[in-house]
Amino acid sequence: MTPAQVKAKFRREGRTFTQFAQEHGYTRNAVYRVLNGFDKGNYGKAHEIAVKLGLKSSDQLPA
């Protein structure tokens, strides 16, 4: 999924990214950084967030 698709999915479901962050134990800022491309999600927490948001598959290797 693209970031725009993830945002649209959350809007359709009536969920916020703050809720997502709290449910998964991340900071809201970390989720927004991945979603908006400031953190590429190649390693560590940013990668975990990208996978959980559906931006990357879990078996995708860092570039």
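Located above this text is the structure these notes cover.
Residues numbered from 1 in each chain as written. Predicted model: local features only at pLDDT ≥ 70, side-chain atom pairs only at ≥ 80, totals over all residues. Heavy atoms only, no water.

For the rest of this paragraph, the subject is helix H3 (residues 28-35). Those residues of H3 that sit buried are Val-31, Val-34 and Leu-35. All buried residues of H3 lie within an arc of 100 degrees about the axis, which places them on one face of the element. Looking at the buried residues of H3, the elements they touch are helix H1 (3-13), helix H2 (17-24) and helix H4 (44-53). The positive-phi residue at the C-terminal boundary of H3 is Gly-37, with phi of around 85 degrees. (Buried < 20%, exposed > 50% of the residue type's maximum accessible area, 1.4 Å probe, protein only. Helix = DSSP H or I, 4+ residues; strand = E, 2+ residues; numbered from the N terminus. Arc of directions from axis to C-beta. Contact = heavy atoms within 4.5 Å.)

So, about the nonpolar core. Counting 14 residues, the largest nonpolar core has Val-6, Phe-17, Val-31 and Leu-53 as the members making the most contacts within it. Contributing elements (two or more residues each) for this core: H1, H2, H3 and H4. Looking at which element gives the most residues to this core, the answer is H4, with four residues. Setting aside chain neighbours within four positions, we find Val-31 in contact with Phe-17, Phe-20, Ala-21, Tyr-26, Ile-49 and Leu-53. (Core = buried A, V, L, I, M, F, W, Y, C linked by side-chain atoms within 4.5 Å.)

As a packed pair, H2 and H3 sit with axes 8 Å apart at the nearest point and diverge in direction by 120 degrees. The handedness of the crossing between H2 and H3 comes out as right-handed. On H3, the residues touching Phe-17, Thr-18, Phe-20 and Ala-21 of H2 are Arg-28, Val-31, Tyr-32 and Leu-35. Tallied by class, residues from the contact of H2 with H3 come to six nonpolar, one polar and one charged. (Axes fitted to C-alpha atoms, helices over the stretch in contact; angles between N-to-C directions. Left-handed = near helix turned anticlockwise from the far one by under 90°. Nonpolar A, V, L, I, M, F, W, Y, C, P; charged D, E, K, R; others polar.)

It is worth stressing that arrangement in space is one thing and function is another; only the former is reported here.
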